[in-house]
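Chain by chain, the residues run as shown.
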Amino acid sequence: MYSVTYHRAASLSDAAKLAKKDEAKFLSGGMTLIPAMKTRLAAPPDVIDLTHIAELKGITVSGKSVTIGAATTHAEVANNAKLKAACPAICHLASHIGDPHVRHRGTIGGSIANNDPAADYPAALLALDATIVTTKRELAAEKFFKGLFETALKDGEIVKAVRFTVPAKAGYAKFPNPASRYAMTGVFVASGKEGVRAAVTGAGDDGVFRSRPIEAALARNFEAAALEGVSVPSDGLMSDLHASAEYRANLVVVMAKRAVMAATG
Amino acid sequence: MGIEGIGARVARKEDRRFITGAGRYVDDMVVPGMKHAAFVRSPHAHADIKKIDVSRAKAMPGVIGVLTGKELKADGIGNLICGWMIHSKDGTPMKMGAWSPLAVGSVRYVGDAVAIVVAETKGQARDAAEAVDVTYKEKKAVTEAVDALKKGAPQIHPEAEGNLIFDWEIGDAKAADAAIASAAHVTRVKIHNNRLVPNAMEPRAALGHYDRGEDHYTCWTTSQNPHVARLVMSAFYNVAPENKLRVIAPDVGGGFGSKIYIYPEEIVCLWASKKTGVPVKWVADRTESFLTDAHGRDHVSEVEMAFDKDNRITGLKVDTIANLGAYMSLFSSCVPTYLYATLLSGQYDIPAIHANVRTVYTNTAPVDAYRGAGRPEATYLLERTMEIAARELGVSPAELRRKNFITQFPHQTPVIMNYDAGDYAASLDAAMQAADYAGFEKRRAAAKKRGRLRGIGMASYIEACGIAPSAAVGSLGAGVGLWESAEVRVNAVGTIEVLTGSHSHGQGHETTFAQLVADRFGLPLDSINIVHGDTDKVQMGMGTYGSRSGAVGMSAIVKALDKVEAKAKKIAAHLMEADEGDIVIENGALKVAGTDKTVPWFQLALAAYTAHNLPAGMEPGLKEGAFYDPSNFTFPAGCYICEVEIDPETGRTDIVQFVAADDFGNIINPMIVEGQVHGGIAQGVGQALLEGAYYDGSGQLLTASYMDYTMPRADDLPSFKVSTSNTPCPSNPLGIKGCGEAGAIGSPPAVINAITDALGTENLTMPATPQKVWAAARAATRH
């Protein structure tokens, strides 16, 4: 690691002030940034830790509306009783991110701001049609996730929270990369008043995306059986050492089936 | 056997310090004035070095020195060598290319060391290493051995035309050909043994300290054999004469073979310490470990196995190409030859065998011994072939094996080895019973109802441990002897230090070796210390690898103990005015048999050192040394059975049962033996299902971190059912065969045999990743 100055922001305005430093980086768990810095692939002169800002923390379930503060850890999401009652799928998802160390450090805001193409949360937020609340605006997940490691966030803009309406049914299933255990393909399905949404992470060569063939089949019948015989194109899917695009296309359908089984189980 | 003696399940003495963070590894060592090193490494797989400009780096903060290969050569530091001479079948010696500890002229793999930077801090050394400007002229690279042999492939070393290092053979080609020509059935298989990264928990490290006042060097290094390191560094690399060089391998966190070899870094740190006038420490980061630790395996082979009409094996022919990487590592040449092809008879009576082995340079990390070293390659090849043959012949894989087992001992194979003892059917029976082999089809049917493909596979392995005797290995080209030394020092109050030339880097020697001594004298384990890993304490030794430390290292201790016991009995007889032949040792005392006369051990020891009343002419003291050179290899063998369930939708394989039935000869500590088997199986399952090192076409290592290189984890493995049924080894005093590698040797074919059984196709290579298994399952159902 190159030498770096660590700043602990006490408030959002404090963070905004610190962010004016040249090439400063926000840190919200650091589950991607710190390893990148350790291997000298990233070298910010300053990091600004957002995880001690009180207003970024906590989970609120109010009727059908769920708000999760950006600095809420995966472990907190996984184990929140109210959230478990409202939307167990997102708790299940959080309980399978990384290992215990990651789950107690990593945060939902850090994860979505980084938008790793194999991260779990982007699939959930896209499928749940969540709203991303930032220091500047509110954005639909669809508009927020732009591509590989790319979001709509502007310089100095900070994710404050994510908000979504509890779906009638939701489920998540992922097939982990054998080495990294990131999602090699993960599918989050949600069924509610607005219809069915199925979002895929770990597979798309431009990051998280909605699978229209899966959504169409599930819109007719939100059952795993509805996906028998359905196939998705391998165009636009990632191909690497661990999984070809063709294999990933298969996994999209299989994981979608298993996500629906979890949702309807 | 006492509660702490031979055969007792004693908890490992060393674990307290390991699990409480009190272990002392090379990176824990601090010498006054010590500074830190970073290596400049080639980013290219194959390139000429046009220019190295160190001026910018030298001006960086904290930098003490920047040194290159040119200065190293000017100081007369020698090239790294391979210490086992192999001759091609045409009689020519192997073609060893020059390997300078810091590259001169050319680089040949990604990670090749080009320069060293010494600075006040590790961070400053790394910053400055990035500022060393090396101008390269890139050349075409080749990473696959088969490709490197093709016409027009990039030439890697001028010494080895066409990248061929040697073309070697063993056995009788005519006899094997004749057997194949007249066979009732021939099974033909193409075998690929995947390349592995050793991944010891502790990365390699070196601390070189040149003491100007004494004109003396000390090297702390992560070595499995510090004495060999000292010998090689002084005799071949011209670092310092042996009497001016002390090598210390303190606690070492795993080796699996990768820490046998002498690497450029320890040589360069020692030399750099003299050049810069400060002690120099280097500790590899994980990326350096992936790039530069000697990798393992990487064979492709074609096999033909001939059977007569009664399904007896009549001949075996093997053609192997082994990738040795960019340079010949210390023992790289013997792994795909004498440690591999000599085991191609397996547990079977095969009248005719011929193997041809070509070894090849490529632009990849050097390849050398990795847990099992040659025997896993032989076992995988044979046991896949046997399983495929059984399927082709439509007979039970167990019965085909049983029919061909060697049952009379000693047995001379056509490939050098003389098996001394064994009962292969006993292991097979034990494994089949433990696995409920007979009930498998029911389990398969039940799995099918759940949508899972269930398969069962077995492997009957044999391996050779305690490689020996020295004269024999010398005649085969070894540059060293393969004996072991021991010294037993009884202190004046009766506590004991045992100095051994073996080295423990996870094996538990501090416990098992002490058990041996406790057993002999009836002493508590706590009164016995095992000393190893320091050339100033232990005079000479050959280190630990090849499962040799029990069979060879402990046998040396037995010899020294015999001498101590003989002298102690003489003193006791003198003190008690009895006949020497009547003295017995029981429960920490020397007694005159059949009387109540007794001398406690501590009193006997004191008598030896006070020397007030010793037999006439006897020297004072109680300390004896011994060298032990075995008369033969030892031959552990066993049978492994693996049962898998495959999710055909995803290709995920779950190992639902794993049985190991081993014959290790006599056992000192069953708990440690089981631990060795568990670890070995984990690594074998890793090779079969998970691990693979891949380079891209330009020679970049794609699997250079745990993001892409899959290490086995606890949840990849079931609870193992392990057992032993032992035939004592006749060639050493303890009857020990060795257990350190068996798990890694026997398990890969068992796993792949199980998966291919489930899938109904043989078309599958290791590692059998979900993607490959899914594709194989699809292809199999299409047929």
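Everything numeric here is computed off the predicted structure, so don't read it as measured data.

## Regarding the overall build of chain B
- Counting its regular elements, chain B contains 20 helices and 28 strands.
- Computed over its C-alpha atoms, the radius of gyration of chain B comes to 27 Å, within 12% of the 28 Å expected for a compact globule of 783 residues.
- Oriented by its inertia axes, the alpha-carbon framework of chain B measures out at about 90 × 75 × 50 Å.
- The 783 residues of chain B split such that 57% are buried.
- Expressed as a percentage of contacts within chain B between residues at least 6 apart in sequence, the contacts between residues at least 24 apart total 80%.

## Structural notes on the domain arrangement of chain B
Residue and element names in this part refer to chain B.
- For chain B, the assigned domains are domain 1 (31–139 + 201–254 + 259–292), domain 2 (296–467 + 632–782) and domain 3 (483–628).
- Computed over C-alpha atoms only, the centres of domain 2 and domain 3 are separated by 40 Å.
- Listed by partner, the interface residues are 19 residues for domain 2 and 16 residues for domain 3.
- In terms of residue class, the side of domain 2 that touches domain 3 is built from eleven nonpolar, six polar and two charged.

## Points about the pairing of strand β11 (residues 169–176) of chain A
All names here are of chain A.
- Counting buried residues along β11, six of its eight residues qualify, which places the element largely inside the surrounding structure.
- Sheet topology note: the β11/strand β12 (residues 183–192) ladder contains eight bridges and is antiparallel. Along β12, the bridge assignment pairs A173 with V187.
- Counting the residues that bridge the hairpin from β11 to β12 gives six residues, and of these R181 lies at a positive phi of roughly 65 degrees.

## Points about the sheet that holds strand β23 (residues 589–592) of chain B
All names here are of chain B.
- Within the open sheet, the three strands sit side by side as β22-β23-β24. Their pairing is antiparallel. Each end of this open sheet is capped by a strand with a single partner; those strands are β22 (583–586) and β24 (598–600). Neighbour to neighbour, the strand axes of the sheet diverge by 25 degrees on average, direction disregarded.
- With three bridges joining them, β23 and β24 adopt antiparallel strand pairing. When the sheet's bridge partners are listed, K591 is paired in β24 with T598.

## A short note on helix α4 (residues 122–130) of chain B
- For α4 of chain B, every residue scored as buried is listed here: Q124, A125, R126, D127, A128 and A129 of chain B.
- Where the residues of α4 of chain B are buried, they touch β1 (35–41), α2 (55–58), β3 (63–68) and β5 (113–119) of chain B.

## Some details on the sheet that holds strand β5 (residues 65–69) of chain A
Residues and elements named next belong to chain A.
- Ordered by their spatial adjacency, five strands build an open sheet running β4-β5-β10-β6-β7, and the pairing between neighbours is antiparallel. Looking at which strands have only one partner, the edges of the open sheet turn out to be β4 (59–62) and β7 (138–140). Sheet twist, expressed as the average angle between the axes of neighbouring strands with direction ignored, equals 20 degrees.
- Note: β4 against β5, four bridges, orientation antiparallel. Looking at the pairing, T60 lines up with T67 of β5.

## A short note on the interface of chain A and chain B
- Of the residues lining the interface, 14 residues belong to chain A; the matching set on chain B comes to 16 residues.
- At four residues, helix α11 (residues 245–264) of chain A tops the list of elements feeding residues into the side of chain A that touches chain B.
- Across the side of chain A that touches chain B, the residue classes break down as eight nonpolar, six polar and no charged.

## Things to note about the UniProt feature "domain: Aldehyde oxidase/xanthine dehydrogenase a/b hammerhead" (unreviewed entry) in chain B
- Under the UniProt annotation, "domain: Aldehyde oxidase/xanthine dehydrogenase a/b hammerhead" (unreviewed entry) lies at residues 20–140 of chain B.
- Taken end to end, residues 20–140 of chain B comprises 16% helix and 29% strand; its first and last C-alpha atoms sit 49 Å apart.

## As for the nonpolar core
- Counting 337 residues, the largest nonpolar core has V187, V189 and A256 of chain A together with A115, V117, I641 and I755 of chain B as its most contacted members.
- In this structure V187 of chain A touches A123, A173, A198, V200, V252, M255, A256 and A259 of chain A, once residues within four positions along its chain are discounted.

## A few points about the environment of V415 of chain B
Residues and elements named next belong to chain B.
- Among the secondary structure elements, V415 is positioned in the loop between β16 (411–412) and β17 (418–419).
- For the pair V415 and I156, spaced 259 residues apart in sequence, the C-alpha to C-alpha distance is 32 Å.
- In contact with V415, other than residues within four places in its own chain, are I170, G171, A341, T342, L344, S345 and I353.

## Examining helix α19 (residues 742–759) of chain B
Residues and elements named next belong to chain B.
- For α19, with 18 residues, the first-to-last C-alpha span of 27 Å sits near the 26 Å given by 1.5 Å per residue.
- Summarising burial for α19: 18 of the 18 residues are buried, a large majority.
- Two residues or fewer after α19 comes G760, characterised by a positive phi angle close to 75 degrees.

Thresholds, definitions, all that
Residues numbered from 1 in each chain as written. Chains lettered and ligands numbered in written order. Predicted model: local features only at pLDDT ≥ 70, side-chain atom pairs only at ≥ 80, totals over all residues. Helix = DSSP H or I, 4+ residues; strand = E, 2+ residues; numbered from the N terminus. Rg over C-alpha atoms; globule rule 2.2 N^0.38 Å. Buried ≥ 20, exposed ≤ 12 C-beta atoms within 10 Å, placed from the backbone. Contact = placed C-beta atoms within 7 Å. Domains from an automatic or database assignment. Nonpolar A, V, L, I, M, F, W, Y, C, P; charged D, E, K, R; others polar. Pairing = 2+ DSSP bridges. Axes fitted to C-alpha atoms, helices over the stretch in contact; angles between N-to-C directions. UniProt positions renumbered as here; feature names shortened; annotations may be inferred. Core = buried A, V, L, I, M, F, W, Y, C linked by C-beta atoms within 7 Å. Expected span 1.5 Å × (residues − 1).

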